[in-house]
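Residue-level structural notes
As a plain string of letters, each chain reads:
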Amino acid sequence: MKRQTKHHVRLPVHVTPLRYRLLLKPDLDNFTFYGQESIEVDIAKPTNEIVLHAAELEIDSAELLHGKKEVWAGNISYDEKAETVTLAFPQTVPKGRGMLKLTFRGILN
């Protein structure tokens, strides 16, 4: 019998998470949850997208605070097989530190 293994995906190394802050609000009656997350990131080279691991999540909004700029992801796309989400920004974000703010929801399973 062939054993199934999970496909492991390495994320791009030019965006490094430094610190996380996470808030989860479960709804036990409907078996769902809502969450907010702030991720302090170090961007090593200019980019217009950030790729994160995300399994069975629906991201409602993604905002990057970088310097004095506030940039919202113009497109959020999912790769269910790789269990990743790509946040595409309408303009290139320069290198340096920033704060990525996400709101999301999912099903408790």
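Structure report, in brief.

Thresholds, definitions, all that
Residues numbered from 1 in each chain as written. Predicted model: local features only at pLDDT ≥ 70, side-chain atom pairs only at ≥ 80, totals over all residues. Heavy atoms only, no water. Salt bridge = Lys/Arg side-chain N within 4 Å of Asp/Glu carboxyl O. Helix = DSSP H or I, 4+ residues; strand = E, 2+ residues; numbered from the N terminus. Buried < 20%, exposed > 50% of the residue type's maximum accessible area, 1.4 Å probe, protein only.

1. Quick look at the pattern of salt bridges
One pass over the structure, following the stated rule, counts three salt bridges. Across the salt bridge formed by E40 and R19, the nearest N and O atoms sit 3.7 Å from each other. In this pair, E40 is assigned in strand β2 (residues 32–43) and R19 in strand β1 (residues 15–27), connecting sequence segments 21 residues apart. According to the relative accessible area criterion, E40 is buried, its value standing at 16%. On the basis of relative accessible area, R19 is assigned to the exposed category, the value being 58%. Of the charged contacts, one joins R105 and D60 as a salt bridge, the two residues approaching to 2.8 Å between their closest N and O atoms. Within this pair, whereas R105 is found in strand β8 (residues 96–107), its partner D60 is found in strand β4 (residues 57–66), the two being separated by 45 residues in sequence. The class of D60 is partly exposed, set by a relative accessible area of 37%. Three or more residues joined by partner-sharing salt bridges are found here, namely R19, E40 and R97.

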